[in-house]
Amino acid sequence: MSDRRAVLAALLSLIALPALAAEEGSGVEPVALPFAVKAMRGPGSDVALSVATSGLLPVARAPASADPKATASTAPPPVVVVWGEGGGAVLSLDGATLRTTLIGAEAIEGFAAAETPRGAVPGSRRALDGPLSAYLTGPTRALGGAPGQGTVLTLRERQPLGVTAEPKAVPVTTHTLAPGDDRVFAGRTPRITRLDGRTAVVAVTAQGAAGSGLALAVKGKDGAWTLAAQTPPQAGQGPGTAPLALAGLADFSGTGTPQIAAIRAPDGEGVLQLWRIADGALTEGALTLAGEAPGYAGPAAGEGAELAALVPRGGNPPDLALPAAGRGAVAVVALKDGRPVERARIPLPAPAAHGLAVLDAGGTAKKILVGLADGRLVAVSVP
């Protein structure tokens, strides 16, 4: 009996060996955490910015400088925040070394609660960029909307307070935009960018059971916001298909104007799309499809995970990191010429589920952090 057990154990070890070798040799490293990851926020998110400037971390605050030009040294460091039922952690890069700082889950959940401002659609998250915040409001039951959708895009901007001898509330202006009688805003977090020197916001719209498109809001010179352009709704790849997922907003082509990376049918055999914004023509038709490629994944409807992130390339246009279809691998994709071209595809030990984020140490080191479906967190070396 013992001999049979020994033979069986040897056979099982041979079966398991290729998978283990592939995982160890693929540049995928496990990140040891005392809890299972259930949520994740990347650099630039509301939670990451709040944690980095809260004083909870030794690396959160750089030494103060009297030089008004020393903005780089006082900027909060890029961090990734993860948490679960058993705790939370903040991850950052110290050179090429990944640093992990454990923090109580209650503290992080307090920051996460602020992602949904008062009056916002329950479960939605706001986008932040300096004094501007953008989020979804408005009930959708009358329109038959899905959870997380909103009839209105709300834009709130803090205004300069000026010199005052007495404490005063910071003045705030609020603008609201609707996508039209037959559309609502899908449950996707908006993205903020700059366009022709003006602040702009990109959001996803939904129409009917399966149609979705893009909407571009732009701030005019007079301070007023307008919904400058929308794309026609695209049908998904089956009934109940999730709406478009915003994957990235950057100058992928090196033209000086940002482009929009989105995923159609992100919960199936998704199609990665690159949308161009016409120069100086912010009207209907200003958003044009520059290229697309099938075989990628994004968050399903109602899923709050961010599953794509920009990969900086020094002075070159950034790449995009996102899961391949099925979420069993991370793809690093270049979009410079409009047509998505993969630079690398790295297998994962379990499907991506709770988030994907990139940490960059000034171009000297990069790590893609992925929250897996089984609660593990892994760090993928960027090729």
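Just so you know, these numbers come straight off a predicted model, no measurement behind them.

### Thoughts on the overall build of the chain
Turning to step 1, where the next piece is worked out: When helices and strands are tallied, the chain shows 4 helices and 25 strands.
Turning to step 2, where the next piece is worked out: For the chain, the proportion of its 383 residues judged to be buried stands at 47%.
Turning to step 3, where the next piece is worked out: For the chain, contacts bridging at least 24 residues in sequence account for 51% of all contacts bridging at least 6.
Turning to step 4, where the next piece is worked out: Surface accessibility of the chain: about 18,100 Å² in total, with carbon and sulfur atoms responsible for 55%.

### Structural notes on the sheet that holds strand S19 (residues 309-313)
As a general point, the strands of a sheet are linked pairwise by backbone hydrogen bonds and lie either parallel or antiparallel.
Turning to step 1, where the next piece is worked out: Within the open sheet, the 4 strands sit side by side as S19-S20-S21-S22. Their pairing is antiparallel. Of all strands in the sheet, those with a lone pairing partner are S19 and strand S22 (341-347), marking the two edges. Across the sheet, the mean angle from the axis of one strand to that of its neighbour is 25°, orientation sign disregarded.
Turning to step 2, where the next piece is worked out: Of the pairings in the sheet, the one linking S19 to strand S20 (residues 316-323) comprises 4 bridges and is antiparallel in character.

### A short note on the sheet that holds strand S17 (residues 270-277)
Turning to step 1, where the next piece is worked out: The antiparallel open sheet is built from 4 strands, whose spatial order is S15-S16-S17-S18. Taken across any chain shown, the strands that pair with only one partner, and hence form the sheet edges, are strand S15 (245-250) and strand S18 (287-296). Each strand of the sheet is rotated relative to its neighbour by a mean of 20°, with strand direction disregarded.
Turning to step 2, where the next piece is worked out: Judged from the 8 bridges that link them, S17 and S18 form a sheet pairing that is antiparallel. Across the sheet, residue glutamine 273 finds its bridge partner in S18, namely glutamate 292.

### As for the pattern of salt bridges
Turning to step 1, where the next piece is worked out: In this structure the tally under the stated criterion is 13 salt bridges.
Turning to step 2, where the next piece is worked out: Close ionic contact of arginine 313 with aspartate 319 constitutes a salt bridge, the shortest N to O distance being 2.7 Å.
Turning to step 3, where the next piece is worked out: Counted as one network, the salt bridges with shared partners bring together Arg41, Glu115, Arg125, Arg191 and Glu306.

### Structural notes on the nonpolar core
Turning to step 1, where the next piece is worked out: In terms of nonpolar packing, the biggest core is built from 21 residues, with Leu214, Leu216, Ile260 and Leu287 touching the most fellow members.
Turning to step 2, where the next piece is worked out: Of all the secondary-structure elements, those providing two or more residues to this core are strand S12 (198-207), strand S13 (211-219), strand S14 (225-230), S15, strand S16 (259-264) and S17.
Turning to step 3, where the next piece is worked out: With 4 residues, S12 is the single largest residue contributor to this core.

### Thoughts on the environment of alanine 309
Turning to step 1, where the next piece is worked out: Relative to the elements of secondary structure, alanine 309 occurs in strand S19.
Turning to step 2, where the next piece is worked out: Given the relative accessible area of 11%, alanine 309 is considered buried.
Turning to step 3, where the next piece is worked out: With 48 residues separating them along the chain, alanine 309 and alanine 357 place their C-alpha atoms 5.5 Å apart.
Turning to step 4, where the next piece is worked out: Residue contacts for alanine 309: discarding those within four places in its chain leaves Ala247, Asp319, Leu320, Ala321, Leu356, Ala357 and Val358.

### Quick notes on the confidence of the model for the chain
The predicted structure's coordinates, where accompanied by low pLDDT, should not be read in detail.
Turning to step 1, where the next piece is worked out: Chain-level pLDDT for the chain is 83 on average; 81% of the residues reach the 70-or-more range.
Turning to step 2, where the next piece is worked out: Taken together, the stretch residues 1-25 has pLDDT below 50 and engages in 3 contacts with residues farther than four places along the chain or on a different chain.
Turning to step 3, where the next piece is worked out: Confidence drops under a pLDDT of 50 for residues 59-73, and excluding neighbours within four residues, the segment shows 14 contacts in the predicted structure.

### A short note on helix H4 (residues 105-113)
Turning to step 1, where the next piece is worked out: Turning to H4, its buried residues number three or more, namely Ala105, Ile108 and Ala112. Each buried residue of H4 lies within a common arc of 65° when the element is viewed along its axis, so the set occupies one face. Turned more than 90 degrees away from the buried face of H4, the exposed residues are Glu106 and Ala113.
Turning to step 2, where the next piece is worked out: Where H4 is buried, its residues contact helix H2 (46-52), strand S3 (80-84), strand S4 (87-94) and strand S5 (97-103).

### Here we look at a nonpolar patch on the surface
Turning to step 1, where the next piece is worked out: There is a patch of nonpolar side chains on the surface, built from Leu161, Val170 and Val172 and spanning about 220 Å² of accessible area.
Turning to step 2, where the next piece is worked out: Among the structural elements, valine 170 can be located in the loop between strand S8 (152-158) and strand S9 (172-177).

### Let's talk about the environment of glycine 88
Turning to step 1, where the next piece is worked out: Relative to the elements of secondary structure, glycine 88 occurs in strand S4.
Turning to step 2, where the next piece is worked out: Here glycine 88 falls in the buried class, since its relative accessible area comes to 2%.
Turning to step 3, where the next piece is worked out: Each C-alpha atom, one on glycine 88 and one on threonine 101, is 8.6 Å from the other, the two residues being 13 residues apart in sequence.
Turning to step 4, where the next piece is worked out: Those residues in contact with glycine 88 that lie beyond four places of it in its chain are Phe35, Val82, Trp83, Thr101, Leu102, Ile103, Gly104, Ala105 and Ile108.

### Details of the pairing of S17
Turning to step 1, where the next piece is worked out: For S17, a buried count of 7 out of 8 residues is recorded, marking the element as mostly surrounded by other parts of the structure.
Turning to step 2, where the next piece is worked out: One ladder, built from 5 bridges, connects S16 with S17; its direction is antiparallel. Bridge pairing in S17 links arginine 264 to valine 271.
Turning to step 3, where the next piece is worked out: The loop that links S16 with its antiparallel partner S17 comprises 5 residues; one of these, alanine 265, has a positive phi angle of about 50°.

### Topic: unusual backbone geometry
Turning to step 1, where the next piece is worked out: Here the phi dihedral of aspartate 196 falls at roughly 55°; this positive angle occurs in a residue that is not glycine.
Turning to step 2, where the next piece is worked out: Looking at the element boundaries, aspartate 196 is found in the loop between strand S11 (191-195) and S12.
Turning to step 3, where the next piece is worked out: Since its relative accessible area comes to 47%, aspartate 196 is described here as partly exposed.
Turning to step 4, where the next piece is worked out: The backbone of alanine 265 sits at a positive phi, close to 50°, despite the residue not being glycine.

Parameters and conventions
- Residues numbered from 1 in each chain as written.
- Predicted model: local features only at pLDDT ≥ 70, side-chain atom pairs only at ≥ 80, totals over all residues.
- Heavy atoms only, no water.
- Helix = DSSP H or I, 4+ residues; strand = E, 2+ residues; numbered from the N terminus.
- Buried < 20%, exposed > 50% of the residue type's maximum accessible area, 1.4 Å probe, protein only.
- Contact = heavy atoms within 4.5 Å.
- Areas by Shrake-Rupley, 256 points an atom, 1.4 Å probe, with all protein chains shown as cover.
- Pairing = 2+ DSSP bridges.
- Axes fitted to C-alpha atoms, helices over the stretch in contact; angles between N-to-C directions.
- Salt bridge = Lys/Arg side-chain N within 4 Å of Asp/Glu carboxyl O.
- Core = buried A, V, L, I, M, F, W, Y, C linked by side-chain atoms within 4.5 Å.
- pLDDT = per-residue confidence, 0-100.
- Arc of directions from axis to C-beta.
- Patch = residues over 30% accessible without salt bridge, like charges linked within 9 Å, V, L, I, M, F, W, Y side chains within 5 Å.

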